[in-house]
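Next come the chains, spelled out residue by residue.
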Amino acid sequence: MTLLQVRHLRHDYRGAAAVDELTFAVGAGELVCITGPSGCGKSTLLRAVAGLVEPTAGEVRLHGDPVRAVPDELSFVFQDYGRSLFPWLSVRRNVELPLRWRSVGRAERAERAAEALAGVGLAGVDDRYPWQLSGGMQQRVAIARALVTRPALLLMDEPFASVDAQTRFELEDLLRRVQRARATTVLLVTHDIDESVYLGDRVLVLSRSPAHLVADLPVDLPAERDQIGTRGSAAFVALRGEVARRLRAPGDPAAVG
Amino acid sequence: MSAAGRFLRSWALFAAGVLVWEVATRLAGHPFFPPPSTILVTGARLWFAGPVERAFLGDTVLDDVLPSVLRAVTGFAVAALVGVGLGTVLGRSRTGMQWCGPLFAFARAIPPPALIPVFLVLFGIGGRMQVVTIAFAATWPILLNTVDGVRSLDPVQAETVRALRMPPGHRLVLVVLPAALPKIFAGLRLSLSISVILMVVSELVGSVDGIGFQLRQAQHAFDFPVMWAWVVALGVVGLGLNAVLLAVEQRALRWQPTRATGVPR
Ligand SMILES: Nc1ncnc2c1ncn2[C@@H]1O[C@H](COP(=O)(O)OP(=O)(O)OP(=O)(O)O)[C@@H](O)[C@H]1O
Ligand SMILES: [Mg+2]
């Protein structure tokens, strides 16, 4: 079942296109990774999907309805997680924040925040302030806040780009676990080729700016992945090479498919 | 131990200064400059001569100090309400400050004591004139800092607010005002000292009670120990009000990394 449709999407900043002629669809429950050269328009694509910027041309449809403002069942995790958490709210109050205008009672709010925090492997830090946590823990809080509303679609913009390698592996596995447990649809931007293959059910490769689709590669790896085994497998290495090749040789229309 | 040590260190210079002053005034023996001990004894007789059931507080504490403090606090509270309220509205509106900016710049440039004659004509001698004067002068720092504060929302936080679909009311209370709070408190601190200054100035020229009034009475009667005692009282009132505001600020901004104690960062 198709959840998200992006058709002929184009977005201009002051006359210059950042993304152009982007067309793809995402099925419900899929985890799609988007990768592309630095500055090619990946963040712009996510913003357009979220309804944070208006497309100059083309359209984004969620459940078949055009996206005009941020849809209710969508959550966004920003790359700059440190600044997207509110420093004056404790961890718990940051996480339960999106429930405060959603007619969820106080008790249920606390319960769901605790559940979301436990889901990302954070317990016992409820009453701390975000800046009292490490970068990896802050990113877990940001993910918990995104999940607390039980979104149908989760957008993540380079969510693990600024945490250390060990934390990154943990967070990647956490994301796949949570995503499969809840059948959440995820659209994740990353500039890391390995990460895109390890995490994704599909990898979309974008061209240099203005971004258009260069390749749409299915990832035929077992659903259960593990950092050492999967990354060492022949299928993984082959896919990684494929993504790297498509990244380096953009603009070949025959390559799309 | 270390808290006591810090307390001693910060007040040592003050104590030494008082001691030097004591010795110097005793040696000089000039009637304009009574020694601190005399001032203190005079003050004690002035303020703590009341009956037991009033905790020994003298009549003048109820008749002069209390009205003074109440007027300063009332004027300051009005300024805080108007400043934060109007500042929030203007800061959030796109064109508000374009309309009002020059007006505020002009109004703020007028030294507030210059308006006392105007307010005297409008409101007559008494508490009303003083509260209005204090409120008028104290509003500007709060107002302008609030405008500045509610505008300085971090762009990532602004986009987060949009991505979360936060309704305007929640946005104001949960994001805009907390983000502006450090700047608002900077304005409040400035305004509090302005409030105390204008409390005295307005009492010196247009009042029939209050610390400033008593100060002037003592001066006219050439009663210098009493005059000095009232100067000391002003210092104590200023310190006290400031301590209260600092405590409130410490509580309201305890989320700031630089304020938290015992947390490494
Ligand atoms: N608000 C903006 N105003 C004007 N131009 C912008 C704006 N945001 C992005 N751009 C431009 O649009 C292009 C795409 O930017 P975008 O941030 O979408 O790329 P990106 O792929 O996410 O980059 P990165 O890999 O650095 O995260 C860039 O050339 C950028 O300079
Ligand atoms: Mg980006």
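1. A word on the overall build of chain B
Check the secondary structure of chain B and you find 10 helices and 0 strands. If you list the helices and strands of chain B from N to C, you get α-α-α-α-α-α-α-α-α-α. Looking at chain B alone, contacts between residues at least 24 apart form 69% of all its contacts between residues at least 6 apart.

2. Describing the sheet that holds strand S7 (residues 153-157) of chain A
Residue and element names in this part refer to chain A. Across the sheet, which stays open at both edges, the 6 strands sit in the order S6-S7-S8-S3-S9-S10 with mixed pairing between neighbours. Strands at the two margins of the open sheet, each flanked by one partner only, are strand S6 (74-77) and strand S10 (213-218). Each adjacent strand pair in this sheet contributes to an overall mean axis angle of 15°, direction not counted. When S6 meets S7, the two strands line up parallel, connected through 4 bridges. For Val 77, the partnering residue across the bridge sits in S7 and is Met 156. Helix H1 (residues 42-50) rests against strand S3 (31-35), S6, S7, strand S8 (185-189) and strand S9 (202-206) of the sheet, and its axis sits at about 155° to S7.

3. With respect to the sheet that holds strand S5 (residues 65-66) of chain A
Residues and elements named next belong to chain A. Across the sheet, which stays open at both edges, the 4 strands sit in the order S2-S1-S4-S5 with antiparallel pairing between neighbours. The open sheet has two edge strands, strand S2 (16-27) and S5, and neither has a second partner. Where strand S1 (residues 2-13) and S2 come together, 8 bridges link them in antiparallel fashion. Bridge pairing in S2 links Leu 9 to Leu 22. Relative to S1, H1 is tilted by about 120°, and along the sheet it contacts S1, S2 and strand S4 (57-62).

4. Looking at the pattern of salt bridges
Opposite charge on two side chains permits them to pair, given that their charged atoms come into close proximity. Inspection of every chain in the model, using the stated rule, returns 32 salt bridges over all chains. Across the pair Arg 92 of chain A and Asp 127 of chain A runs a salt bridge whose closest N-O atoms are separated by 2.8 Å. Placement of Arg 92 of chain A in helix H3 (residues 91-96) and of Asp 127 of chain A in the loop between helix H4 (106-119) and helix H5 (135-147) is noted, with a sequence separation of 35 residues between them. Classification of Arg 92 of chain A as partly exposed rests on a relative accessible area of 27%. The shortest N-O distance in the salt bridge between Arg 26 of chain B and Glu 22 of chain B comes to 2.7 Å. Of this pair, Arg 26 of chain B and Glu 22 of chain B both sit in helix H1 (residues 2-28), separated by 4 residues, roughly a single helical turn. For Arg 26 of chain B, a relative accessible area of 53% corresponds to the exposed category. Look at Glu 22 of chain B and you get buried, because its relative accessible area is 14%. The structure contains a network of salt bridges with shared partners spanning Arg 168, Glu 172, Asp 192, Glu 195 and Arg 231 of chain A.

5. Comments concerning the domain arrangement of chain A
When the parts of a complex come together, some accessible area is lost, and that lost area is often taken as the interface size. Residues and elements named next belong to chain A. As assigned here, chain A comprises domain 1 (1-73 + 153-257) and domain 2 (81-150). The straight-line distance from the C-alpha centre of domain 1 to that of domain 2 is 25 Å. On the side of domain 2, 13 residues touch domain 1, which itself brings 13 residues to the contact. Summed over both sides, the interface of domain 1 with domain 2 buries roughly 1,100 Å², with 61% coming from carbon and sulfur. It is Leu 171, Leu 174 and Arg 182 in domain 1 that bury the most area against domain 2; as a group they hold 38% of the surface buried on that side. Linking domain 1 with domain 2 are 2 salt bridges. Among the ionic pairs, Glu 170 bridges to Arg 140, the shortest N-O distance being 2.8 Å. Our count for the domain 1 to domain 2 interface comes out at 5 residue pairs in polar contact (both at pLDDT 80 or more).

6. A few points about the nonpolar core
Among the nonpolar cores identified, the biggest contains 56 residues, and Phe 86 and Leu 97 of chain A together with Met 166, Val 175, Leu 188, Met 199 and Trp 230 of chain B are the most heavily contacted of them. Of all the elements in the fold, those that place two or more residues in this core are helix H2 (36-47), helix H3 (59-92), helix H5 (116-123), helix H6 (127-151), helix H8 (168-205), helix H9 (211-220) and helix H10 (224-252) of chain B. Looking at which element gives the most residues to this core, the answer is H8 of chain B, with 12 residues. Ignoring sequence-local partners within four residues, the contact set of Met 199 of chain B consists of Ser 68, Val 69, Ala 72, Ile 134, Ile 211 and Leu 234 of chain B.

7. Section: the site of ligand 1
All names here are of chain A. Around ligand 1, the neighbouring residues are Tyr 13, Arg 14, Ala 18, Ser 38, Gly 39, Cys 40, Gly 41, Lys 42, Ser 43, Thr 44 and Glu 158. The backbone of Gly 39 places a nitrogen or oxygen atom 3.0 Å from an oxygen atom of ligand 1. Contact distances for ligand 1 include 2.4 Å between an oxygen atom and a side-chain N or O atom of Thr 44. Alone, ligand 1 offers 630 Å² of accessible surface; in the complex the protein occludes 59% of this. When residues in the shell around ligand 1 are grouped by element, the largest group, 3 residues, is from H1.

8. Comments concerning a nonpolar patch on the surface
All names here are of chain B. A cluster of nonpolar side chains, namely Phe 7, Leu 8, Trp 11, Phe 14, Val 18 and Leu 239, defines an oily patch on the protein surface of about 650 Å² accessible area. Looking at which element gives the most residues to the nonpolar patch, the answer is H1, with 5 residues. Judged by relative accessible area, which is 54%, Leu 239 ranks as exposed.

Calculation notes
Residues numbered from 1 in each chain as written. Chains lettered and ligands numbered in written order. Predicted model: local features only at pLDDT ≥ 70, side-chain atom pairs only at ≥ 80, totals over all residues. Heavy atoms only, no water. Helix = DSSP H or I, 4+ residues; strand = E, 2+ residues; numbered from the N terminus. Contact = heavy atoms within 4.5 Å. Pairing = 2+ DSSP bridges. Axes fitted to C-alpha atoms, helices over the stretch in contact; angles between N-to-C directions. Salt bridge = Lys/Arg side-chain N within 4 Å of Asp/Glu carboxyl O. Buried < 20%, exposed > 50% of the residue type's maximum accessible area, 1.4 Å probe, protein only. Domains from an automatic or database assignment. Buried area = accessible area lost by both parts, 1.4 Å probe. Polar contact = N/O pair within 3.5 Å; in protein donor to acceptor, adjacent residues only side chain to side chain. Core = buried A, V, L, I, M, F, W, Y, C linked by side-chain atoms within 4.5 Å. Near = heavy atom within 4 Å. Areas by Shrake-Rupley, 256 points an atom, 1.4 Å probe, with all protein chains shown as cover. Patch = residues over 30% accessible without salt bridge, like charges linked within 9 Å, V, L, I, M, F, W, Y side chains within 5 Å.

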